[in-house]
Amino acid sequence: MKAELYLQKIKNDFPQIKWKKHRVLTHGWDHIIIVLDEKIIFRFPKDKEYKDEFQNEIQLLRYLKKRFRVGIPEYKYISKDKSIAGYDMVRGRELTVSRFRRLSASEKDTVAKQLSGFISALHATPKSVMTKYNVRDENQEKIYKELVSNVKKLLFPRLRKKDIQLIEDYLVELKDALGHKYSNALVHNDLSAEHILWDDKLKQTNIIDFSDRAFGDPAIDFSGLLEYGQKFTEKVLDLYSGKKDSQILKRSQLYFKRVPLSIMIDSMIGYPCTFEQGYTMFKKRFKV
């Protein structure tokens, strides 16, 4: 669908909305994003699977909004056929690593407190709520088996012996860590810099994109924070009020290292990313 068709859909379904400028973001894996006058965000699910999940996401966010001090999307515009929905843009700019480094010590403390509060509240969501809104279960052991299969089949033929050895050692370490017991919780599942916003005027952290939400390992929501450094992640974890097993930080570190492997694999099966992007990240996170 071309941009004009997306815009026409918005005009037809929401004639009260007027705009002068727009941006179309197509690099997302799950949705096409339309930004109107840098004020309203519309999301268009890319396939039926995400269209069905979209309504559950919207309803879950309505439930969660009252429980967070950070800002999250609040959908105000939902088409009659429920194929698209929009919300007033959440305030703030992406808290990139470079932007994070420029924050003052007190601002970093504020971010840590707000993130820990958000993660704690999210992970405390009752199982009954997840059932009501069809939150999927995520099995890390199953993900591990698929990872091993894809790594051997798709990555090893393209990598150097040194790289292969590093990955083999990593897979052994990951398998061992997953063998320790932990309690699942509702997780954001993609809590990385691109989904963490910082409103410099209000000194407020806000969170976007809950499309990957799942009932899974709480450690996954700390893994993306390692982009800001281990000391910061440990601070957030210290403030976290949820259940902390002895291996939670270790698993978050291993999930952090898993990301470049997933990107390299995904690039080879048709997702909008490149092998080079994944390999560059691999060299950094595996200290090649």
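Look a little higher up for the structure.
Residues numbered from 1 in each chain as written. Predicted model: local features only at pLDDT ≥ 70, side-chain atom pairs only at ≥ 80, totals over all residues. Heavy atoms only, no water.

Caption draft 1: Representation of helix H7 (residues 161-178) within the structure. In this model, H7 (18 residues) spans 26 Å end to end at C-alpha, consistent with the 26 Å of a helix rising 1.5 Å per residue. Inspection of H7 places Asp163, Ile164, Ile167, Tyr170, Leu171, Leu174, Ala177 and Leu178 among the buried residues, and these make up the whole buried set. Each buried residue of H7 lies within a common arc of 145° when the element is viewed along its axis, so the set occupies one face. For H7, exposure combined with an orientation more than 90 degrees from the buried face picks out Lys161, Lys162, Val172 and Asp176. In this structure, the buried side of H7 is in contact with helix H6 (140-155), helix H10 (248-267) and helix H11 (275-285). (Helix = DSSP H or I, 4+ residues; strand = E, 2+ residues; numbered from the N terminus. Expected span 1.5 Å × (residues − 1). Buried < 20%, exposed > 50% of the residue type's maximum accessible area, 1.4 Å probe, protein only. Arc of directions from axis to C-beta. Contact = heavy atoms within 4.5 Å.)

Caption draft 2: Spatial organisation of the packing of helix H4 (residues 105-123) against helix H9 (residues 230-239). Between H4 and H9, the shortest axis-to-axis distance is 8 Å and the interhelical angle comes to 50°. By the angle class used here, H4 and H9 are oblique. Classified by chirality, the crossing of H9 by H4 is right-handed. Listed contacts from H9 to Lys108, Asp109, Val111, Ala112, Lys113, Leu115, Ser116, Ile119 and Ser120 of H4 are Phe232, Lys235, Val236 and Leu239. Its residues placed into classes, the contact of H4 with H9 shows seven nonpolar, two polar and four charged. (Axes fitted to C-alpha atoms, helices over the stretch in contact; angles between N-to-C directions. Parallel < 35°, antiparallel > 145°, perpendicular 65-115°, else oblique. Left-handed = near helix turned anticlockwise from the far one by under 90°. Nonpolar A, V, L, I, M, F, W, Y, C, P; charged D, E, K, R; others polar.)

Caption draft 3: Structural view of the sheet that holds strand S6 (residues 93-94). Here three strands make up an open sheet; going across it, the order is S6-S8-S9 and the pairing antiparallel. In this open sheet, the two edge strands, each paired with only one partner strand, are S6 and strand S9 (204-207). As defined by bridge partners, S6 adjoins strand S8 (residues 196-199) across two bridges and the pair is classed as antiparallel. In the strand pairing of S8, arginine 93 is matched with tryptophan 198. Where H4 meets the sheet, its contacts fall on S8 and S9, and the angle it forms with S9 comes to roughly 40°. (Pairing = 2+ DSSP bridges.)

Caption draft 4: Molecular detail of the nonpolar core. Core analysis: the largest hydrophobic core is formed by 77 residues, its most contacted members being Leu64, Phe118, Ile207 and Leu261. For isoleucine 207, the residues in contact, after removing those within four places along its chain, are Val70, Gly71, Ile72, Pro73, Leu115, Phe118, His188, Leu191, His195 and Ile196. (Core = buried A, V, L, I, M, F, W, Y, C linked by side-chain atoms within 4.5 Å.)

Caption draft 5: Geometry of the layout of surface pockets. In this structure, the second largest pocket occupies an estimated 170 Å³ of space. Lining the second largest pocket we find 16 residues, and of these His123, Ala124, Asn184, Ala185 and Lys243 sit closest to its centre. Contributing elements (two or more residues each) for the lining of the second largest pocket: H4 and helix H5 (127-132). (1 Å grid on protein atoms, 1.4 Å probe; cavity = no way out; pocket = protein on both sides within 12 Å on 5 of 7 lines; lining within 4 Å. Points joined across faces, edges and corners; volume = space filled by probe spheres on them.)

Caption draft 6: Representation of the pairing of S9 in the model. Residues Gln204 and Asn206 point to one face of S9 and Thr205 and Ile207 to the other, with burial holding for every one of them. Pairing geometry for S8 and S9, over four bridges, is antiparallel. Bridge pairing links isoleucine 196 to isoleucine 207 in S9. Hairpin connection, S8 to S9: the antiparallel pair is bridged by four residues, and lysine 203 has positive phi, about 55°.

Caption draft 7: Spatial organisation of the packing of H9 against H10. It is the contact of H9 with H10, at a shortest axis distance of 11 Å, that shows an interaxial angle of 135°. In terms of their interaxial angle, H9 and H10 are classed as oblique. Seen along the crossing, H9 lies across H10 with a hand that is right-handed. Only Ile248, Leu249 and Gln253 of H10 make contact with H9, whose side of the interface consists of Gln230, Thr233, Glu234 and Leu237. For the contact of H9 with H10, the residue count by class is three nonpolar, three polar and one charged.

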